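# Geometric and topological summary
Chain residues, written in single-letter form:
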Amino acid sequence: MTHEEVKILLNDYFDEKLSIEVNTEIQVHLSECSDCSQYLFSLQDLMKKADQLPRNIKPPTNFWHDIFTFISSIKAETIKQQEEIDLKEAAKVSEESSEEKKTRDKRLKAEKLLAWERKKAALLQNLKKPWFKYSLIGLASLVLLFFIYDNFLSKGNTWEVKKLRVGSSSYSEAFSNLEEDQLLETNSVTRLEIQIPKLGSIFLEHDSKIERLKADKIRLLKGSILAVKKDANELLSIEVPGADIKDYFLGGQLKVTVTNPEASLLEVIDGWVSINKDNVETLVLSNHFCQIRADSGIGLPYHKFSAKEFVEAINNYCFTSPGNEEALISILTKADVSNSVTLWNLMQRVTRKQRDMVIYTMFGLLGNPPQGVTDEGLRTLDPGMMQKLIEEIELRI
Amino acid sequence: MQDNKLIKALVLNAQLGNNSAFEQLYQITIEPVYALILTLTGDPSSAEILTKKTYVNSWQNISQKDEFASILNWLKKNAVETVLAEKSGDQKTDGVIDDKLFPDNSLEKYIQGLEFRNRLIYVLHDIENFSLEEISRLSGFSEKEIKTLLVNTRDNLINLTEK
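The structure presented is a predicted model; accordingly, all values stated were derived computationally and were not measured.

### Regarding the overall build of chain A
Within chain A, the secondary structure is distributed over eleven helices and 16 strands. Among the 397 residues that make up chain A, the fraction classed as buried is 25%.

### As for the overall build of chain B
Along the backbone of chain B there are eight helices and zero strands. Within chain B, the fraction of its 163 residues that count as buried is 38%. By sequence separation, contacts in chain B at least 24 residues apart represent 62% of the contacts at least 6 residues apart.

### Side note on the interface of chain B and chain A
With 33 residues of chain B in contact, the opposing surface of chain A contributes 33 residues. Listing elements by their share of the side of chain B that touches chain A, those giving two or more residues are helix 2 (19–41), helix 3 (44–61), helix 5 (107–112), helix 6 (116–127) and helix 8 (143–161) of chain B. A class-by-class count of the residues in the side of chain B that touches chain A yields 17 nonpolar, seven polar and nine charged.

### Some thoughts on the nonpolar core
Within the largest apolar cluster, 99 residues are counted, with the highest numbers of intra-cluster contacts made by Leu266 and Ile275 of chain A together with Ile37 of chain B. In terms of residues, this core owes the most to one element, helix 2 of chain B, which gives twelve residues.

### Thoughts on the packing of helix 6 (residues 308–320) of chain A against helix 7 (residues 325–334) of chain A
Residues and elements named next belong to chain A. One can describe the packing of helix 6 onto helix 7 by two numbers: an axis separation of 9 Å at closest approach and a directional angle of 155°. With respect to their mutual orientation, helix 6 and helix 7 come out roughly antiparallel. Where helix 6 crosses over helix 7, the handedness of that crossing is left-handed. Contact with helix 6, carried on its side by Glu309, Phe310, Ala313, Ile314, Asn316 and Tyr317, involves Ala327, Leu328, Ser330, Ile331 and Lys334 of helix 7 and no other residues of that element. Looking at side-chain class alone, the contact of helix 6 with helix 7 contains seven nonpolar, two polar and two charged residues.

### Description of helix 11 (residues 383–396) of chain A
Residue and element names in this part refer to chain A. Its 14 residues place the ends of helix 11 20 Å apart at the C-alpha level, agreeing with the 20 Å of an ideal helix rising 1.5 Å per residue. Every buried residue of helix 11 is listed here: Met385, Leu389 and Ile393. Considered in projection along helix 11, the buried side chains sweep an arc of 75° and stay on one side of the axis. Of the exposed residues in helix 11, the ones pointing more than 90 degrees away from its buried face are Pro383, Gly384, Gln387, Glu391 and Leu395. Against the buried residues of helix 11 lie helix 8 (340–346) and helix 10 (375–379).

### Description of the environment of phenylalanine 310 of chain A
Residue and element names in this part refer to chain A. By the secondary structure assignment, phenylalanine 310 is in helix 6. Taking the C-alpha atoms as reference, phenylalanine 310 lies 6.9 Å from alanine 335; in sequence the two are 25 residues apart. Once you skip the residues sitting within four places of it in the chain, phenylalanine 310 turns out to touch Tyr302, Lys334, Ala335 and Asn339.

### Here's the deal with unusual backbone geometry
The backbone of aspartate 181 of chain A shows a phi angle near 65°, a positive value even though the residue is not glycine. Along the chain, the position of aspartate 181 of chain A falls in the loop between strand 2 (172–178) and strand 3 (183–185). Although it is not a glycine, asparagine 129 of chain B sits at a positive phi angle of roughly 60°. Relative to the assigned elements, asparagine 129 of chain B resides in the loop between helix 6 and helix 7 (132–139).

### Some remarks on the packing of helix 3 (residues 34–51) of chain A against helix 8 of chain B
Where helix 3 of chain A contacts helix 8 of chain B, the two axes come as close as 10 Å, and the packing angle between them is 85°. By the angle between their axes, helix 3 of chain A is roughly perpendicular relative to helix 8 of chain B. Counted together, Ser42, Leu43, Leu46 and Lys49 of chain A of helix 3 of chain A and Arg154, Leu157, Ile158 and Thr161 of chain B of helix 8 of chain B form the full contact between these two elements.

### Quick notes on helix 4 (residues 71–86) of chain B
All names here are of chain B. Helix length check: helix 4 (16 residues) gives 23 Å between terminal C-alpha atoms against 22 Å at 1.5 Å per residue, within 8%. Those residues of helix 4 that sit buried are Leu75, Lys76, Ala79, Val80, Thr82 and Val83. Along the axis of helix 4, the buried residues cluster in a sector spanning 160°; they form a single face. Along its buried surface, helix 4 packs onto helix 2, helix 3, helix 6 and helix 7.

### Some points on the pairing of strand 7 (residues 217–229) of chain A
Residue and element names in this part refer to chain A. Sheet analysis places strand 5 (residues 200–204) next to strand 7, joined by five bridges and oriented antiparallel. From the neighbouring strand, leucine 204 faces strand 7, where its bridge partner is isoleucine 225. Taken together, the four bridges between strand 6 (residues 209–212) and strand 7 define a ladder with antiparallel strand orientation. Note that in strand 7 the partner of lysine 209 across the bridge is lysine 222. Where strand 6 hands over to strand 7, the hairpin turn is made up of four residues, of which alanine 215 adopts a positive phi near 55°. Sheet topology places strand 7 next to strand 8 (residues 237–240); three bridges connect them, and they run parallel. Across the sheet, residue arginine 219 finds its bridge partner in strand 8, namely glutamate 239. Note that strand 7 and strand 10 (residues 252–260) share seven bridges and pair antiparallel. Considered in strand 10, the bridge of serine 224 is made with threonine 257.

### Observations concerning the environment of lysine 222 of chain A
All names here are of chain A. Counting through the fold element by element, lysine 222 comes out in strand 7. Judged by the 16 C-beta atoms lying within 10 Å of it, lysine 222 falls in the partly exposed class. Put simply, lysine 222 and aspartate 207 are 15 residues apart on the chain and 7.5 Å apart in space, counted from C-alpha to C-alpha. With sequence-adjacent residues up to four places away left out, lysine 222 is seen in contact with Ser208, Lys209 and Val258.

### Here's the deal with the confidence of the model for chain B
Residue and element names in this part refer to chain B. In this model, chain B carries an average pLDDT of 86, and 88% of its residues clear a pLDDT of 70 or more. In this model, residues 89–95 is a region of pLDDT below 50 whose contacts with residues beyond four sequence positions or in other chains number eleven contacts. Confidence metrics for the complex model read pTM 0.49 and ipTM 0.89.

What counts and what doesn't
Residues numbered from 1 in each chain as written. Chains lettered and ligands numbered in written order. Predicted model: local features only at pLDDT ≥ 70, side-chain atom pairs only at ≥ 80, totals over all residues. Helix = DSSP H or I, 4+ residues; strand = E, 2+ residues; numbered from the N terminus. Buried ≥ 20, exposed ≤ 12 C-beta atoms within 10 Å, placed from the backbone. Contact = placed C-beta atoms within 7 Å. Nonpolar A, V, L, I, M, F, W, Y, C, P; charged D, E, K, R; others polar. Core = buried A, V, L, I, M, F, W, Y, C linked by C-beta atoms within 7 Å. Axes fitted to C-alpha atoms, helices over the stretch in contact; angles between N-to-C directions. Parallel < 35°, antiparallel > 145°, perpendicular 65-115°, else oblique. Left-handed = near helix turned anticlockwise from the far one by under 90°. Expected span 1.5 Å × (residues − 1). Arc of directions from axis to C-beta. Pairing = 2+ DSSP bridges. pLDDT = per-residue confidence, 0-100.

Have a look at this one:
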């Protein structure tokens, strides 16, 4: 056996890769050969040193930002390529059926024209009959009278104020009316309910103050209000320092608190609410909070179960370092699917380049985008696609 | 080593395209992955580029990750593949070692002085505990060639450290 072969065997012996028989032979050899024993000792010593080498080394900088940017650009490219393939396929299909489509469109147009002409002829025929003419005039007068009453005579409607008994909202007693430009204030023991016709009720909490403005608008000066809208056919508008809060749909529940002259907090319990400032609309869905600051603007809405770190990231981006890209990435990397409303609003506040990152983060969280929503459309904030997307988000969260 | 339930959930979410889950996996694994790449390259700037490439490649291929493989082992294999794709098999690194990075007369320094293929085999086998079969699959060397390279490298390092 050559010296090299013995060395290889000793290494195998050291790595415990020998059969029991060869192992025993080596042990016998080691007890007789000092050179091989010394070599084995050196191997053990080398392994001890290798075991002490650091297995973890902290990189000098955080590489995640660069990795994330790269991943986002790959995602954008992949989706773009898929869209191009889809478009080509769609064009192919439409080419094949364009002739059929033209014929069908022509036929539909002709049918519509014929139906309209028939209706017109029937109406003209009826107009010649006196009973039809007088019925029409009577109906128009009724509609006009209802319009005048509804918009002028019934305006100046009274907002009845009721005092709520301590600890209850079900027992109340009439207190006074609230007229336009009038102030209403509660102390530490009173709560008031203001009943607004065609809208619902507003509960003025302890130590709060509001002013009734024109139409169905109020200004919250301090404290908090809970608006409960039932069978409403008017939209409510609440002014707080720095913004106007409006409900998006008829009906819903929301709570607004003015924490100090500079800051307010909106909580949407049910329904959708929009906050407007400087022509930028922020949409807040149910189970979401949104901070408003008179000096630095409107925060991004966040889900009531959002992680503390996520809310801190939002506040940092909106108020501490507005528009900062590091702060933006911090939001994106901390977001999960329940934060999709935040990302939807964020899309409208970032640059076009940054919007790609927001879009692909959102697509990553939601899985496939809804039918008819494309990244190209969202890049230009296409209103139809934005609406479809927020409706889909509402279903998912 | 098997991944715990949290890591399995993060992998599953990352496979569904959740960047936030992938970032958490990055935070959990970056230090051992960077240590491996730095030891293989001996150069912090190359290590930075290759670490970023490793994670981008891993993000692209995470759907192919075997359900039972540990995420750290899988990332380390990806790291080795990324390093190998950048380096030719017999490239020497003499003269590119960052002197300040490793202390004089240390095993790290001697490892950095090895030819790349010897260093690769030694690091993967004796430091990272990869099997001969895994090293063979990653490097393209036969198991016999790896054994010979390993014996020579150990001899070389014993001579250097016992000087």
